[in-house]
Amino acid sequence: MQRGFFLGVPGLDVAALRLKFRGSMLGTGVGDALGRPLEGGVFRLVVEQPEFDGRYTDDTEMMIGVAESLVEVGGFDGEHMARTFMRNYDPDLDRAVRRYGPGPPTVFRLIERGERWDAASRRLFGGEGSFGNGAAMRIAPVGLLYFDEPEALRKITEQSSLITHAHPLGVEGAVVQAYAVALAVKSKPPSLNPREFLEELEAFTREEVYREALREAALLLDERADRRKVVSALGNGVEAFRSVPTAIYCFAANAESFEKTVLYAISLGGDTDTIGAMAGAISGAYHGEEKIPSEWVRKLENADYIASLADRLLELKLKQQ
Ligand code: F2R
Ligand code: MG
Ligand code: MG
């Protein structure tokens, strides 16, 4: 298994997997940091010279928490992952840079006061739970660890989402995003067929809202729709069902290049850091670390640490084989 191919995928040996694991986690950070200065802004036609100071937001901080917990425990433990999110959360840094949605810090306070890790999120939004994109934006490490085990990927994604997001559409957004990362890991550039990729995701999801959005994404791809139509059809909002299909579309429409994918993602306006982070996670998993512009990786906050976490995640994956 060390050389040749992995799971029957030619070219997917340990060295290639290492680049893909790093690519997905660094890709999350780069897409997030590129989108950060534009979050909440209006639709732009082109972002030619993006402002890039390498500072990331809650998306990457929570993605780091997911990976840290998986590697420290050697798998999923809900209490541990919730405590890891809480350990990493700094209210001052949140206000200045990370800019969490209101849900997760509320959950952290509830757990601090004694609520169980899998009960606190059920109290949000009048008891229906959050359908924000916060579970999806951080999910890349689960998609990586379970890239060849779809049922485990679904189960661990659902459980890890529940820490902060109890609404079925918030959870399923994370499942669709994790599976997109998994499919990207298994595909060797330039072999991915964007239409088949969207069809595979559509077949995997159990929620009609996502099936419909993914079918719409395929139509937009066929007609090479302009950005205004993409935003109007798929959305650019903070809701998981108005941003996860959008990020997937950003990748599918620009699969040939990491750079094109993330610049396109942040040009759509709205929740740019998160759509950038999710599109970057998928594209990074497909192309690998070496295809992310080195200038961006060099500037990215904690890039070495993120890369080392990706390596530890791969070690865990190989140990589990
Ligand atoms: N939130 C931001 N950026 C704005 C920063 C605001 C800052 N805190 C400030 O006060 O200035 N970015 C980050 O948030 C998004 C991820 O959000 P997450 O983690 O899903 O949070 P939350 O609060 O659970 O959901 C986000 C919003 O979605 C709406 N919503 C969710 N469930 C709902 C429901 N059941 N009913 C009605 N609305 C619901 C609410 O408006 C939530 O606040 C990412 O963009 C990340 O980058
Ligand atoms: Mg953010
Ligand atoms: Mg955001």
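Above this text sits the structure in question.
Residues numbered from 1 in each chain as written. Chains lettered and ligands numbered in written order. Predicted model: local features only at pLDDT ≥ 70, side-chain atom pairs only at ≥ 80, totals over all residues. Heavy atoms only, no water.

With respect to the nonpolar core
Formed by 110 residues in total, the largest nonpolar core has its most connected members in M25, F197, L198 and I248. Sorting elements by how many residues they give to this core places helix 9 (residues 168-186) first, with 12 residues. Leave out the neighbours within four places in its chain, and I248 touches V176, Q177, A180, F197, L198, L201, L214 and I282. (Core = buried A, V, L, I, M, F, W, Y, C linked by side-chain atoms within 4.5 Å. Buried < 20%, exposed > 50% of the residue type's maximum accessible area, 1.4 Å probe, protein only. Helix = DSSP H or I, 4+ residues; strand = E, 2+ residues; numbered from the N terminus. Contact = heavy atoms within 4.5 Å.)

What to know about the coordination of the magnesium ion (ligand 2)
All of the protein donors around the magnesium ion (ligand 2) are T57 (OG1), D58 (OD), D59 (OD) and D273 (OD); their distances to the metal are 2.0 to 2.3 Å. Coordination of the magnesium ion (ligand 2) draws on donor residues from a single chain, spaced T-D-D-x213-D in sequence. Separation of the magnesium ion (ligand 2) from the magnesium ion (ligand 3) amounts to 3.6 Å, with D273 serving as a shared donor to the pair. An identical accessibility class is assigned to T57 and D58; each is buried. (Donors = N, O, S within 2.8 Å, 3.2 Å for Na, K, Ca; no water.)

What about the pattern of salt bridges?
Throughout the structure, instances matching the rule amount to 27 salt bridges. Where E149 meets K317, a salt bridge forms, and the shortest distance between an N and an O atom there is 3.2 Å. Placement of the pair is E149 in the loop between helix 7 (140-145) and helix 8 (150-162) and K317 in helix 17 (residues 303-319), with a sequence separation of 168 residues. Since its relative accessible area comes to 32%, E149 is described here as partly exposed. According to the relative accessible area criterion, K317 is buried, its value standing at 0%. One salt bridge connects R195 with E199, and the closest N-O pair in it is separated by 2.9 Å. Highlighted residues: R195 and E199, both in helix 10 (residues 194-204), separated by 4 residues, approximately one helical turn. With a relative accessible area of 32%, R195 lands in the partly exposed category. Judged by relative accessible area, which is 42%, E199 ranks as partly exposed. The structure contains a network of salt bridges with shared partners spanning R18, R22, E289 and D311. (Salt bridge = Lys/Arg side-chain N within 4 Å of Asp/Glu carboxyl O.)

Focus on unusual backbone geometry
With an omega dihedral of 5 degrees, the bond running from P189 to P190 counts as a cis peptide bond. Within the chain, R99 stands out as a residue other than glycine whose phi angle is a positive 55 degrees. Summarising the element assignment, R99 is placed in the loop between helix 4 (91-98) and helix 5 (103-112). Despite not being glycine, R224 shows a phi value in the positive range, around 45 degrees. You can see R224 is positioned in the loop between helix 11 (208-222) and helix 12 (227-234). For R224, a relative accessible area of 74% puts it in the exposed group.

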